[in-house]
Amino acid sequence: MPPSSASLALLSRLPEWYRSTARDLPWRRPAFHDEFGAWGVLVSEFMLQQTPVTRVIPHLDAWLARWPTPKDMSAASTAEVVQQWANLGYPRRALWLHRAAVEITDRHGGVVPRDVDALLALSGIGDYTARAVAVFAYGDRHPVVDTNTRRVLARAVEGRAQPGPPSRRDLDLMGSLLPDDVAAAAEFNAAAMELGATVCTARSPRCELCPLADGCAWLAAGRPDTGDERRRQAAYEGSDRQARGAVLRLLRGSAPDAVPLVAVIPDWPDLRQRDRAIDSLIADGLAEADGEGLSLPR
DNA sequence: GAAACGTGGGA
DNA sequence: TTCCCAAGTTT
């Protein structure tokens, strides 16, 4: 469904709002781009996958200080990157980022690719991250669609409280809304994300501050709860994920030393679950077992 | 398409 | 206190 002219007119207010209210985030500073280039953007995007901005910032600084280029990181060990990832969560991202650094070094001469398909071919990079790098690092014109953008479009354009499940149509819709001008398109992408992150939030949206308020389909309808509940996140307490987290936290704390297997969270309430966690961490390449016990991959 | 995958902070 | 959910990707 092509966007209505009303939608286009409404969303055209985003850039001005963005220029006057955007947060001063590290990866938006010219000096950041001068110093770290597309690599800095790529690292920031990996960390921002499902981890809040405020938690990412200090880790990003430390990461780039240690590994300022893809080649630097490609020379690091798996244990080092998992250790440096610390408590950012979803530690497989650290493996993927490391692998991507190796791929960039080997296949692209150490230069983060600019082409979206080349970016998509790197490990840990999907539709969002590939286009975010192409747009925010290289200034190209592509639709960048994250959860914030999807929520803004769901509300302002479709009149729904929450976006439906992610789909190819999100990309198509955002692509059809993008300004023709390349620089304007990049800013439009950033503005939609920023609005979703700071005003059009998942809970307690601040419609009184929204530049789209008087044209928002959802607000006009009285902010209905459209019923399309987001699927509930599985319980963390008592989950395999929690067990994996506990094991990995222990290994990070002991590194570079191995932990004897009998000393790996021996008091965990469900020992079969503990063993499952150990096995799956090994299978994922996040841990390694040898005669000394369990450790981060050497 | 659904499920799996960490961690911590705010409401 | 409990629940929600955060710049997603992979299988």
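The text that follows walks through the structure, step by step, so that each part is easy to find. What you see is a predicted model, and the numbers here were worked out from it, not measured in a lab.

Notes on the packing of helix H10 (residues 147-156) against helix H12 (residues 182-198)
Where H10 contacts H12, the two axes come as close as 7 Å, and the packing angle between them is 80°. Relative to H12, H10 is oriented roughly perpendicular. Of H12, the residues touching H10 (which contributes Asn148, Thr149, Arg151 and Val152) are Asn189, Ala192, Met193, Leu195, Gly196 and Ala197. For the contact of H10 with H12, the residue count by class is five nonpolar, four polar and one charged.

Points about empty space enclosed by the protein
The full count for this structure, using the stated rule, is one cavity of 30 Å³ or more. Volume-wise, the largest cavity comes out at about 110 Å³. Lining the largest cavity we find 15 residues, and of these Arg155, Cys200, Cys207, Cys210 and Cys216 sit closest to its centre. At three residues, H10 tops the list of elements feeding residues into the lining of the largest cavity. When the residues that make up the lining of the largest cavity are grouped by side-chain class, the tally is 13 nonpolar, no polar and two charged.

Quick notes on the side chain of Arg93
With respect to the secondary-structure elements, Arg93 resides in helix H7 (residues 92-107). Glu45 is the oppositely charged side chain nearest to the buried, salt-bridge-free Arg93, at an N-O distance of 9.5 Å. Setting aside residues up to four positions removed in sequence, Arg93 forms contacts with Phe46, Met47, Leu48, Gln49, Thr51, Trp85 and Leu88.

So, the pattern of salt bridges
This model, assessed by the stated rule, comprises 16 salt bridges. Of the charged contacts in the structure, one is a salt bridge between Glu187 and Arg19, with a shortest N-O distance of 2.6 Å. With Glu187 in helix H12 and Arg19 in helix H2 (residues 14-21), the pair connects residues that are 168 residues apart, well separated along the chain. Here Asp180 makes a salt bridge to Arg141, at a shortest N to O gap of 3.9 Å. On the criterion of sequence distance, the pair formed by Asp180 in the loop between helix H11 (168-177) and H12 and Arg141 in the loop between helix H9 (127-136) and H10 is long-range, its members being 39 residues apart. Linked through salt bridges whose partners overlap, the residues forming this network are Arg23, Arg28 and Glu194.

Reading guide: rules and limits
- Residues numbered from 1 in each chain as written.
- Chains lettered and ligands numbered in written order.
- Predicted model: local features only at pLDDT ≥ 70, side-chain atom pairs only at ≥ 80, totals over all residues.
- Heavy atoms only, no water.
- Axes fitted to C-alpha atoms, helices over the stretch in contact; angles between N-to-C directions.
- Helix = DSSP H or I, 4+ residues; strand = E, 2+ residues; numbered from the N terminus.
- Parallel < 35°, antiparallel > 145°, perpendicular 65-115°, else oblique.
- Contact = heavy atoms within 4.5 Å.
- Nonpolar A, V, L, I, M, F, W, Y, C, P; charged D, E, K, R; others polar.
- 1 Å grid on protein atoms, 1.4 Å probe; cavity = no way out; pocket = protein on both sides within 12 Å on 5 of 7 lines; lining within 4 Å.
- Points joined across faces, edges and corners; volume = space filled by probe spheres on them.
- Buried < 20%, exposed > 50% of the residue type's maximum accessible area, 1.4 Å probe, protein only.
- Lys, Arg positive; Asp, Glu negative; His and termini not counted.
- Salt bridge = Lys/Arg side-chain N within 4 Å of Asp/Glu carboxyl O.

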